[in-house]
Amino acid sequence: MCRLLAYLGSPVSLEYLLYKPEHSLIVQSYQPREMTSGVVNADGFGVGWYHSQKDTEPFTYKNTLPIWNDINLPSLSRYVESKCVLAYVRSATAGQALDFANCQPFNYKKSLFIHNGYIENFRKTLHRKLRSTLTPDFYEHINGSTDSEHIFALLLSQIQSNKHRSVESVLRNTLLMLWEMAKRHQVNASANVVFSDGDRLIASRFASSSSPPSLYWLKDDLTFPNSVIIASEPLFAGNWTACPENSIISVGEDCDIKIESI
């Protein structure tokens, strides 16, 4: 059960966000506090960020090594600043390949996406059904084998088919579709996700038939003023708020937060 992190606000260095907090994502990779399955997150990682001034597609840096073993990330992190960052450390589901195609964040044009959760027995249960619901563009865009990338493709397909609706509304509908599929096949599915276009964060804490993985948010902390952080576990002592179960959390450009039930 992986750990994720998303940041939106004043430009911040990756080093300050990823390494400096006492319970940083680096620490969570080898000493998580609230994982319900697995012990460490040693099956790769990824960081995605948007340029602070230029209107361009996001950048990503990924590796199949544990994040604590990557010798390039500390140096890179000192020289990159961004107002919007998504990061992730992976604990691979049994049977899923450890390769770059399965490393998050996943991206499409200006969109970044991370997922913490799982679809039970994905290859034997919802794999074919989920793929049958995808539009051709996003069916062909899938490069890996994870349930996470398929959920992203499902969300993108629904956005493409419902351009008149908000992303929050489409994400809610996507999760309800996932819930119906899981119910029909009598399997569990959980989907803590974060989706971003560089200007907003849209996240969910969701599970079909059990308690979803942990997820918290924090706004305008003295350590990170004028910002919102969403994380699987608090990064440091502060006024963190647990996201309600089965809810969608939306963070706007001015860091306003809206929470709605699914």
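Above this text you will find the structure in question.
My aim in this report is to walk through the structure given alongside it, one point at a time. Keep in mind that what you see is a predicted model, and the values were worked out from it rather than measured.

### Quick look at the sheet that holds strand β1 (residues 3-13)
Moving on, step 1. The antiparallel open sheet is built from seven strands, whose spatial order is β3-β2-β4-β1-β10-β9-β11. Every other strand in the sheet has two partners, leaving β3 (59-63) and β11 (241-242) as the edge strands with one partner each.
Moving on, step 2. In this structure, strand β9 (residues 216-221) lies alongside β11, joined through two bridges in antiparallel fashion. Within the sheet, the bridge partner assigned to Trp217 lies in β11 and is Thr241.

### Observations regarding helix α7 (residues 167-185)
Moving on, step 1. For α7, built from 19 residues, the straight-helix expectation of 27 Å at 1.5 Å per residue is met to within 8% by its first-to-last C-alpha distance of 27 Å.
Moving on, step 2. Of all the residues in α7, the buried ones are Val167, Glu168, Val170, Leu171, Thr174, Leu175, Leu178, Met181 and Ala182. Seen along its axis, α7 keeps its buried residues to an arc of 165 degrees; they face one direction. Every exposed residue of α7 that faces more than 90 degrees away from the buried side is listed here: Lys183 and Arg184.
Moving on, step 3. Residues of α7 that are buried sit in contact with β6 (111-119), α4 (127-132), α6 (147-161), β7 (189-196), β8 (201-205) and β12 (247-251).
Moving on, step 4. After α7 finishes, the residue Gln186 shows a positive phi value of roughly 55 degrees.

### Overview of the state of the cysteines
Moving on, step 1. For the coordinates displayed, the defined rule picks out zero disulfides.
Moving on, step 2. Cys103 provides the cysteine sulfur closest to Cys2, a residue in no disulfide bond, and the two sulfurs are 10 Å apart.
Moving on, step 3. A disulfide-free cysteine, Cys84 has its sulfur positioned 9.9 Å from the sulfur of Cys255, the nearest such atom.

### A short note on the packing of aromatic side chains
Moving on, step 1. Taken as a whole and judged by the stated rule, the model has nine aromatic pairs.
Moving on, step 2. Here Tyr30 and Trp68 contribute two aromatic rings whose centre-to-centre distance is 6.0 Å and whose plane-to-plane angle is 85 degrees, an arrangement assigned as edge-to-face. Taken together, the residues Tyr30 in helix α2 (residues 25-30) and Trp68 in the loop between β3 and α3 (73-79) connect sequence positions 38 residues apart.
Moving on, step 3. Between Tyr108 and Phe138, the aromatic rings sit 4.9 Å apart at their centres with planes inclined by 80 degrees, giving edge-to-face as the arrangement. Remark: Phe138 occurs in helix α5 (residues 136-141) and Tyr108 occurs in strand β5 (residues 106-108); sequence separation between them is 30 residues.
Moving on, step 4. In this structure an aromatic cluster arises from ring pairing among Tyr7, Tyr16, Phe224, Phe236 and Trp240.
Moving on, step 5. Above the face of the Tyr139 ring, Arg131 is positioned so that its terminal group lies 4.3 Å from the ring centre.

### Topic: the nonpolar core
Moving on, step 1. Phe113, Ile119, Leu126, Leu130, Leu171, Leu178 and Phe195 are the most contacted members of the largest nonpolar core, which totals 30 residues.
Moving on, step 2. Among the elements that make up this core, the one with the highest residue count is α7 (seven residues).
Moving on, step 3. Residues in contact with Phe195, not counting those within four places in the same chain, are Ser111, Leu112, Phe113, Phe152, Leu155, Leu156, Ile159, Val167, Arg200, Leu201 and Ile202.
Moving on, step 4. The next biggest cluster of nonpolar side chains, apart from the first, holds 26 residues, and it includes Val12, Trp49, Tyr216 and Leu235.

Calculation rules
- Counting from 1, residues in each chain are numbered in the order their sequence is written.
- Residues qualify for local features only when their pLDDT is at least 70, as the model is predicted, and side-chain atom pairs are given and counted only at 80 or more; totals for whole chains, interfaces and linings, by contrast, use all residues.
- Here the side-chain values reflect all heavy atoms present in the structure, with hydrogen atoms and water set aside.
- Paired strands are those between which DSSP finds at least two bridges.
- What counts as a helix is a DSSP run of H or I of at least four residues, what counts as a strand is a run of E of at least two, and both are numbered from the N terminus.
- Multiplying one less than the number of residues by 1.5 Å gives the expected span of a helix.
- Only protein chains enter the accessibility calculation, which uses a 1.4 Å probe. A residue is then buried if its area is under 20% of the maximum for its type, exposed if over 50%, and partly exposed in between.
- Arc, as used here, means the arc of the directions from the helix axis to the C-beta atoms.
- Residue contacts follow a heavy-atom distance rule, with two residues in contact if any of their heavy atoms lie within 4.5 Å.
- Throughout, a disulfide means two cysteine sulfur atoms within 2.5 Å of one another.
- Each pair of aromatic rings taken from Phe, Tyr and Trp, with Trp reduced to its six-membered ring, is defined by centres within 6.5 Å and is described as stacked if the planes are under 30 degrees apart, edge-to-face if over 60, and tilted in the remaining cases.
- Ring-over charges, as used throughout, are those where CZ of Arg or NZ of Lys falls within 6 Å of the ring centre and within 35 degrees of the ring normal.
- Residues belong to a common nonpolar core when they are buried Ala, Val, Leu, Ile, Met, Phe, Trp, Tyr or Cys residues joined through side-chain atoms within 4.5 Å.

These values are about where atoms sit, not about what they do.
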